[in-house]
Amino acid sequence: MKKGYDVIIIGGGIVGCATAFELAKRGITDVLLVEKGYLTSGATGRCGAGIRQQWGSELNARIAMESTHLFENLEEYTGYNHSCGLHQGGYLLVAYTEKEWAQFQENLEVQHRLGIDSRAVDLKEAREIVPCLNTEGMFGATFCAKDGHADPFHCTQAYAQGARRMGVEFLTYTEVTGLQVKSGHIAAVETTNGTFEAKTVINCANVRAPELAKMVGEDIPVTSERHQALVTEPVAPLMDCMVMSFHRSYYVQQTPHGSFVMGIGPKEEPSFNFHSSWQFLEKNCAVICEALPVLRKLNVVRQWAGQYDLSPDRNPIIDEAKEAAGFYSVCGFSGHGFMVAPRIAILMANHLAGQDDTMDIRMFSKERYQTGKLLLEPAVV
Amino acid sequence: MDDKNTILCRCEDLTRETILACIESGCHTIDEIKRMTRAGMGPCQGRTCRMLIAQELASYYHVPLEDVLMPTFRPPTKPVPMGILADAFSEEEGGDSE
């Protein structure tokens, strides 16, 4: 191992790996990525893996759209010899209240301004898209055929292997235990496998990002919230798209493998609880079986839990520490980090490489919680 | 166990050759192999393949079998139909948190 690196990235999820790849692509290859477990062992590997462009704010719709375009060619883009599992079967967003239905119309306008091919569908058409859908209680839905989902493990591996080929080093099963600051600038990262000097450090540690930032005196207003999901046995194709409701807070999709992956939103206190609960199992099945009664017969084979890194306005925070220049935190994705990671990684890499970007990175600064320039999003779970 | 075509994970139809390729590409644990190949993600949840993959890891890295990290054992123990779980749900018990 070398003594020091230009850049050290903490966190081997999709955000960290994609950032490593984009930096290397811009010629910054003296990079070390440190991961406490193995790649995708945190939030990335536990996520619902949905990719949706149907957002309600122009910013999120744009980031998601540009990320989708990257997901569409990720194998070629990164030189990966395995499929990243992208399946664009669409997202059917269903509205259960009149207010939600009205909000969806506004969201569509935002999406159409960006050229996202989404549309409102009535209940008859919703049943044509998902024949087994119980539309009782629904007002309508919106559909975007280019939304979908991908395999979070292989997407992350694609970025990691591409980065490795360009010279980025990876250190897994290695925990960051301390950060050294010298005259107001980040100087080194202490780990369970030695101390490494660094000119720049990028903190992509998801729910663990605040405690790392705290080591350099920075307060990041991100809390962790447990979310759970489950997967069924594989069956023949029943539906092609993701079905999702904000009001009843559920999502359900059939993966290309044939299994159904689903989850419901909790109302929980912040915690670092990574255990799954039987309460989730029962409530999730009750909520999902009402929307898709045909799933009653399917066997649940596995359930798991992960953490959302919630920021106050449910949008990412990208910020440089005040008392440790060169220490950046990229966190607070609030449950939609996977689908926006490709574009956020480009934004971050452009910033560090001194290249222009059409997006202003400063709007993601946590200063927005003082100035009130929040990044508000009406279409978030 | 020399046959490369021996099936190690029956649920996902994975041969010993596939598992060995994963280990040779740098996987250190059952968890990593699981996420790359789906080994142990089928209906039996790794009951058959878990220890077989552990053996391969132990022999490749020359470590005792008990030093191979076990993946998290996730519920339910046996596959359960969603309908049965749905009928067991009652609002009074909450269900939001433990």
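Residues numbered from 1 in each chain as written. Chains lettered and ligands numbered in written order. Predicted model: local features only at pLDDT ≥ 70, side-chain atom pairs only at ≥ 80, totals over all residues. Heavy atoms only, no water.

Scanning chain B from terminus to terminus reveals four helices and three strands. The order of α-helices and β-strands along chain B, N terminus first, is β-β-α-α-α-β-α. In terms of C-alpha radius of gyration, chain B reaches 17 Å, well past the compact-globule figure of 13 Å for 98 residues. When the backbone C-alpha atoms are referred to their principal axes, chain B occupies close to 55 × 25 × 20 Å. For chain B, with 98 residues in total, the buried portion stands at 45%. Put simply, of all contacts in chain B between residues at least 6 apart along the chain, 44% involve residues at least 24 apart. Accessible area of chain B: about 5400 Å², with a carbon and sulfur share of 53%. For chain B, the separation between the mean place of its 10 positive charges and that of its 17 negative charges on side chains is 5 Å. (Helix = DSSP H or I, 4+ residues; strand = E, 2+ residues; numbered from the N terminus. Rg over C-alpha atoms; globule rule 2.2 N^0.38 Å. Buried < 20%, exposed > 50% of the residue type's maximum accessible area, 1.4 Å probe, protein only. Contact = heavy atoms within 4.5 Å. Areas by Shrake-Rupley, 256 points an atom, 1.4 Å probe, with all protein chains shown as cover. Lys, Arg positive; Asp, Glu negative; His and termini not counted. Charge placed at Lys NZ, Arg CZ, Asp CG, Glu CD.)

The subject of this paragraph is the interface of chain B and chain A. Contacts between the two partners involve 35 residues from chain B and, on the opposite side, 38 residues from chain A. The contact between chain B and chain A buries some 3200 Å² in all, and 58% of this surface belongs to carbon and sulfur atoms. Taken together, the connections running from chain B to chain A amount to one salt bridge. Across the pair Asp87 of chain B and Arg296 of chain A runs a salt bridge whose closest N-O atoms are separated by 2.7 Å. (Buried area = accessible area lost by both parts, 1.4 Å probe. Salt bridge = Lys/Arg side-chain N within 4 Å of Asp/Glu carboxyl O.)

Turning to the domain arrangement of chain A, a few remarks are in order. All names here are of chain A. In terms of domain boundaries, chain A breaks down into domain 1 (4–46 + 153–220 + 313–371) and domain 2 (89–146 + 223–310). Using C-alpha coordinates to define each centre, domain 1 is positioned 30 Å away from domain 2. Taken together, the contacts link 13 residues of domain 1 with 11 residues of domain 2. Summed over both sides, the interface between domain 1 and domain 2 buries roughly 1000 Å², with carbon and sulfur atoms accounting for 57% of that surface. On the domain 1 side of the interface with domain 2, the three residues burying the most area are Arg46, Val207 and Ser334, jointly 52% of the side's total. Seen at the junction of domain 1 and domain 2, the total is zero salt bridges. (Domains from an automatic or database assignment.)

With respect to the element layout, Arg74 of chain B can be found in the loop between α3 (49–61) and β3 (80–81). Not counting chain neighbours up to four residues away, the residues in contact with Arg74 of chain B comprise Arg46, Arg302, Gln303 and Trp304 of chain A together with Lys34 and Arg35 of chain B.

So, about the environment of Cys241 of chain A. All names here are of chain A. Here Cys241 shows up in the loop between β12 (223–232) and β13 (242–245). Taking relative accessible area as the criterion, Cys241 reaches 1% and is therefore assigned buried. Between the C-alpha atoms of Cys241 and Gly90, which are 151 residues apart in sequence, the distance is 4.7 Å.

With that settled, the discussion passes to helix α2 (residues 58–72) of chain A. Residues lying three or four places apart along an α-helix face the same way, a consequence of the helix completing one turn every 3.6 residues. Residue and element names in this part refer to chain A. Across its 15 residues, α2 extends 21 Å between first and last C-alpha, which sits within 8% of the 21 Å expected from 1.5 Å per residue. α2 sits mainly inside the fold: 11 of its 15 residues count as buried. Among the residues making up α2, those that are buried are Leu59, Asn60, Ala61, Arg62, Ile63, Ala64, Met65, Ser67, Thr68, Leu70 and Phe71. The inward-facing, buried residues of α2 abut α1 (14–25), β3 (50–51), α3 (74–78), α6 (152–165) and α9 (337–353). (Expected span 1.5 Å × (residues − 1).)

Let us now look at the pattern of salt bridges. Residue and element names in this part refer to chain A. Under the defined criterion, the tally for this structure stands at 21 salt bridges over all chains. Its salt-bridge partner being Arg368, residue Asp313 comes within 2.7 Å of it at the nearest N-O pair. Separated by 55 residues along the polypeptide, Asp313 in the loop between β16 (299–310) and β17 (317–320) and Arg368 in helix α10 (residues 368–371) bring together distant segments of the chain. For Asp313, a relative accessible area of 5% puts it in the buried group. A relative accessible area of 3% means that Arg368 is categorised as buried. A cluster of three or more residues bridged by salt bridges with shared partners is formed by Arg62, Glu66, Arg343 and Asp357.

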